[in-house]
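# What the coordinates show
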Amino acid sequence: MTTTANERLGLNPTEPRPVSETTPLVNRTTTNPLFNDQKMKLGLFGTNCSYGLIMSHAPSSYEVTWAHTKEIAQRADQLGFDVMVPVARWKGFGGSTNFNGNCFETYAWAAGIAEATENIGIASTSHLPTVHPIVAAKAATTIDHISGGRFALNLVMGWVPPEMEMFGGQQREHDERYAFGQAWIDYATRLWTEPGSFDIDNKYFSGNLIEAYPKPHQAPRPALLNAGNSPAGIDFSARNVDINFASLDTLDNIKAYTQKVKAKARDDYKRDIKVMTYGLVVCRDTEAEAKAAFQQVVDEGDWGAAGNVIKIAGSGASQSFDHAVKKMQERFIAGWGGYPIVGTPEQVTEELGKLNEAGMDGMIFGLIDYNEELKYFGENVMPLLKEAGLRH
């Protein structure tokens, strides 16, 4: 039998640690906006990556600098948004924009944004095959303490083969990625919750006398997010996470999907889960202006990058975009395959209301020009959302 380093070196055992080190500190429903009572939660998506959610040369002041991304986050925080969710990227998608290729790493980004804000939830997006659970759990705990319990971890199985090859390995088959993901999150959860040391020995991980102090600020653990929409992804979300993100095309499909995910969590795992969607929001004084701005994004689109995304998604690398791959329409160019909302403040409010009625608990979205359009959204849409009873 293999001996441990502690045994070989005759190390003195760790004495029992104080409760302040071995248990999370505060019920997360009191600190994390993702658990608040806003009827329709709002978040921003992709403010850490070049071009955000648009594969286009349409004019925008948006840029990937620290000063700019921090200003966007602080503005969203002041407006009462509930969460910021970054995109994890290791390699751009080529084309004339190299879409998303200029990108801040999301754990470090989240730590900085957490310190720069006061109330908004802060997520990190993590490709699980690229980071060991011990490292990720420690980073998550650190950011959770920085933020005072506002952190969330967005779990991604890794779906872009050229990125996985950057790390020297081949991408696993689709469903096995979720089997690995289950082992990964089980491991991380033990690091967040077990008061002492433990051993791990399974198909994917092994280790002796594993420990992690302190525990997260949030009890029982940080909020977890996942965007898996395939059968394996839905099962993973229903079993493990607090919020599932869905890429969907019609309100009817959204209603059926949200009912399915929530029922699976409830019936199979005795859990509650929320479902949110994402997409591009283009809001202007008139419908014609909004449609023209949306069309400009399409007209000046980077079809080279979009074609690469469609080839990767259509290769079976991801099943979450199946509907969009078949259409190969503007939704990749203008909103990363998400649900577009285009119109006046009144129309945007109405569409968010329809999403809510269809079962969506919130939306994280991109804007053509995040910082400038956030000002307009705060002045013109937020009051209408309150009048409609979607926000308070």
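Residues numbered from 1 in each chain as written. Predicted model: local features only at pLDDT ≥ 70, side-chain atom pairs only at ≥ 80, totals over all residues. Heavy atoms only, no water.

What follows covers the nonpolar core. Within the largest apolar cluster, 117 residues are counted, with the highest numbers of intra-cluster contacts made by Leu44, Phe81, Leu155, Trp184, Trp336, Leu352 and Phe377. For this core, the leading source of residues is helix H7 (residues 174-193), giving 9 residues. In this structure, Leu155 is in contact with Ser126, Leu128, Trp184, Ile185, Leu224, Leu225, Asn226, Ala227, Phe236 and Val241, ignoring residues within four places of it in sequence. (Core = buried A, V, L, I, M, F, W, Y, C linked by side-chain atoms within 4.5 Å. Buried < 20%, exposed > 50% of the residue type's maximum accessible area, 1.4 Å probe, protein only. Helix = DSSP H or I, 4+ residues; strand = E, 2+ residues; numbered from the N terminus. Contact = heavy atoms within 4.5 Å.)

Right, let's get into the confidence of the model for the protein chain. Mean pLDDT over the protein chain: 93, with 96% of residues reaching 70 or higher. Here residues 321-326 scores under 50 on pLDDT; set against residues more than four positions off or in separate chains, the count is 16 contacts. (pLDDT = per-residue confidence, 0-100.)

What follows deals with a nonpolar patch on the surface. Side chains of Trp90, Met166 and Phe167 sit close together on the surface and give an oily, nonpolar patch of about 310 Å² of accessible area. When you line up the elements, Met166 lands in helix H6 (residues 161-166). (Patch = residues over 30% accessible without salt bridge, like charges linked within 9 Å, V, L, I, M, F, W, Y side chains within 5 Å. Areas by Shrake-Rupley, 256 points an atom, 1.4 Å probe, with all protein chains shown as cover. Salt bridge = Lys/Arg side-chain N within 4 Å of Asp/Glu carboxyl O.)

What follows is about the pairing of strand S11 (residues 274-283). Summarising burial for S11: 9 of the 10 residues are buried, a large majority. By the bridge criterion, 4 bridges tie strand S10 (residues 243-246) to S11 in an arrangement that is parallel. In the sheet register, Ala246 faces S11, and the bridge partner there is Thr277. The pairing of S11 with strand S13 (residues 362-366) spans 5 bridges and is classified as parallel. Among the inter-strand pairings, Met276 is bridged to a residue of S13, identified as Gly362. Direction of pairing for S11 relative to strand S12 (residues 341-343): parallel, over a ladder of 3 bridges. Across the sheet, Val282 pairs through a bridge with Val342, a residue of S12. (Pairing = 2+ DSSP bridges.)

A few words now on the packing of aromatic side chains. Applying the stated rule across the entire model yields 16 aromatic pairs. Their ring planes at 55° and their centres at 5.0 Å tell us that Tyr62 and Tyr370 sit as a pair that is tilted. Taken as a pair, Tyr62 in the loop between strand S2 (41-45) and helix H3 (66-79) and Tyr370 in helix H15 (residues 370-380) lie far apart in primary sequence, 308 residues in all. Geometrically, the ring pair formed by Tyr187 and Phe198 is edge-to-face, given 6.3 Å between the ring centres and 75° between the ring planes. With a gap of 11 residues between them, Tyr187 in helix H7 and Phe198 in strand S6 (residues 198-201) connect regions that are remote in the sequence. Here Tyr187 and Phe198 have matching classes, each one buried. Of the aromatic side chains, those joined through ring pairs into one cluster are Phe180, Tyr187, Phe198, Tyr204 and Phe205. Directly above the aromatic system of Phe180 lies the positively charged group of Arg172, at a separation of 4.1 Å from the ring centroid. (Phe/Tyr/Trp six-rings, centres within 6.5 Å; stacked < 30°, edge-to-face > 60°. Lys NZ or Arg CZ within 6 Å of the ring centre and 35° of its normal.)

Time to look at the packing of H3 against H15. Look at H3 against H15: their axes get within 9 Å of each other, and the N-to-C directions meet at 10°. Judged on the interaxial angle alone, H15 and H3 are roughly parallel. Contacts between H3 and H15 involve His68, Glu71, Ile72, Arg75, Ala76 and Leu79 from the first element and Tyr370, Asn371, Leu374, Lys375 and Gly378 from the second. For the contact of H3 with H15, the class distribution of residues is 5 nonpolar, 3 polar and 3 charged. (Axes fitted to C-alpha atoms, helices over the stretch in contact; angles between N-to-C directions. Parallel < 35°, antiparallel > 145°, perpendicular 65-115°, else oblique. Nonpolar A, V, L, I, M, F, W, Y, C, P; charged D, E, K, R; others polar.)

Our focus in this paragraph is the pattern of salt bridges. Taken as a whole, this structure holds 17 salt bridges when the rule is applied. When the shortest N-O distance is used, the salt bridge between Asp82 and Arg391 registers 2.5 Å. Taken as a pair, Asp82 in the loop between H3 and strand S3 (83-85) and Arg391 in the segment after helix H16 (382-387) lie far apart in primary sequence, 309 residues in all. Asp242 is paired through a salt bridge with Arg221; the nearest N and O atoms lie 2.9 Å apart. Of this pair, Asp242 sits in the loop between helix H8 (231-240) and S10 while Arg221 sits in the loop between strand S8 (218-219) and strand S9 (223-226); the two residues are 21 residues apart in sequence, bridging distant segments of the chain. Accessibility expressed as a relative area gives 8% for Asp242, which makes it buried. Overlapping salt bridges, with partners in common, bring together Arg28, Arg221 and Asp242 in one network.

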